Amino acid sequence: MKNNLLREILIMSKPLFNVIFLQVLFAGMLHAGAGVAQHKSLYEIDINLKVEDADIMAIFKEIEHETDFVFTYNDKFVKNKKITISSSANLGIVLEEISK
């Protein structure tokens, strides 16, 4: 009788252990904090950019050189206009000027 009771307790404890393990595992995911991929706004990043009659791709390369940003674009959608920028401004304003 005592052995049967012990065996029944062991049989019932295995699924209970699995359920508690899964709850602990997924509870850790619930406490994960929100990711912050970009710590600063585009308008908080200062850049010194001086280019004359350059196309957009050359300006993007210059911005990539001075910042940690990487631009990807499709060549057929990039306009072939020449842009002159000679300013010390924040990145948001520079990108607005390029997009005009």
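Provided above is the structure to which this section pertains.
Below is a summary of the structure that appears in this document. Note that this is a predicted model, so its numbers are computed, not measured. (Residues numbered from 1 in each chain as written. Predicted model: local features only at pLDDT ≥ 70, side-chain atom pairs only at ≥ 80, totals over all residues. Heavy atoms only, no water.)

### Remarks on the nonpolar core
Across soluble globular proteins, you tend to see nonpolar side chains buried next to one another. Just so we agree on the cut-off: The nonpolar core is taken to be a set of buried Ala, Val, Leu, Ile, Met, Phe, Trp, Tyr and Cys residues, with the residues joined through side-chain atoms within 4.5 Å. Exposure categories follow from relative accessible area, calculated using a 1.4 Å probe and restricted to protein chains: below 20% of the type maximum is buried, above 50% is exposed, and the middle band is partly exposed. Helix and strand definitions here come from DSSP, where helices need a minimum of 4 consecutive H or I residues and strands a minimum of 2 consecutive E residues; each element is numbered from the N-terminal end. Residue contacts are counted whenever heavy atoms from the two residues lie within 4.5 Å of one another.
Within the largest apolar cluster, 18 residues are counted, with the highest numbers of intra-cluster contacts made by Ile-59, Ile-63, Ile-85, Val-94 and Ile-98. Those elements that place two or more of their residues in this core are strand S1 (46-54), helix H2 (56-66), strand S2 (83-90) and helix H3 (91-99). Those residues in contact with Ile-98, other than ones at most four positions away along the chain, are Ile-56, Ile-59, Phe-60, Ile-63, Lys-81, Ile-83 and Ile-85.

### Topic: the side chain of Thr-67
Worth spelling out the cut-off: Distance and chemistry together define a polar contact, namely a pair of N or O atoms within 3.5 Å, with one atom able to donate a hydrogen and the other to accept it when in protein, and with adjacent residues in sequence counting only for side-chain atoms on both sides.
With respect to the helices and strands, the residue Thr-67 is situated in the loop between H2 and S2. A residue is classified by how much of its surface remains accessible, and Thr-67, at 14% relative accessible area, is buried. Of note is the side chain of Thr-67, whose polar atom sits 2.7 Å from the backbone oxygen of Ile-63. Of the polar contacts made by the side chain of Thr-67, one reaches the backbone nitrogen of Phe-69; its length is 3.3 Å.

### A short note on a nonpolar patch on the surface
What counts here: Residues with no salt bridge and a relative accessible area higher than 30% make up the patches, which join like charges within 9 Å and nonpolar side chains (Val, Leu, Ile, Met, Phe, Trp, Tyr) within 5 Å. Here the accessible surface of atoms and residues is derived via Shrake-Rupley with a 1.4 Å probe, and residues count as covered only by protein chains that are part of the display. When a carboxyl oxygen of Asp or Glu is within 4 Å of a side-chain nitrogen of Lys or Arg, the pair counts as a salt bridge.
Residues Phe-17, Phe-21, Leu-22, Leu-25, Phe-26 and Met-29 make up a contiguous nonpolar surface patch of roughly 650 Å² in combined accessible area. Among the secondary structure elements, Leu-22 is positioned in helix H1 (residues 2-30). Judged by relative accessible area, Leu-22 falls into the partly exposed class, the value being 42%.

### A closer look at the packing of H2 against H3
So the rule is basically this: Axis definition: a line fit to C-alpha positions, over the contact stretch in the case of helices; interaxial angles, taken between N-to-C directions, run 0 to 180 degrees. Here the angle decides the label: under 35 degrees means roughly parallel, over 145 means roughly antiparallel, 65 to 115 means roughly perpendicular, and every other value means oblique. We call Asp, Glu, Lys and Arg charged. Ala, Val, Leu, Ile, Met, Phe, Trp, Tyr, Cys and Pro are nonpolar, and the rest, Gly among them, are polar.
At their nearest, the axes of H2 and H3 sit 12 Å apart, and the two run at 170° to each other. The orientation of H2 relative to H3 falls into the category roughly antiparallel. Seen from H2, the contacting residues are Ile-56, Ile-59, Phe-60 and Ile-63; seen from H3, they are Leu-91, Val-94, Leu-95 and Ile-98. Residue composition of the contact of H2 with H3, grouped by class: 8 nonpolar, no polar and no charged.

### Regarding unusual backbone geometry
Even without a glycine there, the phi angle at Asp-53 is positive, about 50°. Its location among the elements puts Asp-53 in strand S1.

### Focus on the packing of aromatic side chains
Rules: Stacked, tilted and edge-to-face pairs are distinguished by plane angle, under 30 degrees for stacked and over 60 for edge-to-face with tilted covering the rest, among Phe, Tyr and Trp rings (Trp via its six-membered ring) whose centres lie within 6.5 Å.
Evaluation of the coordinates by the stated rule reveals 2 aromatic pairs. When the ring of Phe-60 is compared with that of Phe-71, the centres are 4.4 Å apart and the planes differ by 10°; the resulting orientation is stacked. You can see Phe-60 sitting in helix H2 and its partner Phe-71 sitting in the loop between H2 and S2, a full 11 residues away along the chain. Measuring from centroid to centroid gives 5.6 Å for Phe-60 and Tyr-73, while their planes differ by 45°, and the two rings are tilted. Placement of Phe-60 in helix H2 and of Tyr-73 in the loop between H2 and S2 is noted, with a sequence separation of 13 residues between them. On the accessibility criterion, Tyr-73 (32% relative accessible area) is partly exposed. Grouped by ring-pair contacts, the aromatic residues Phe-60, Phe-71 and Tyr-73 constitute a single cluster.

Keep in mind these numbers describe shape, not what the thing actually does.
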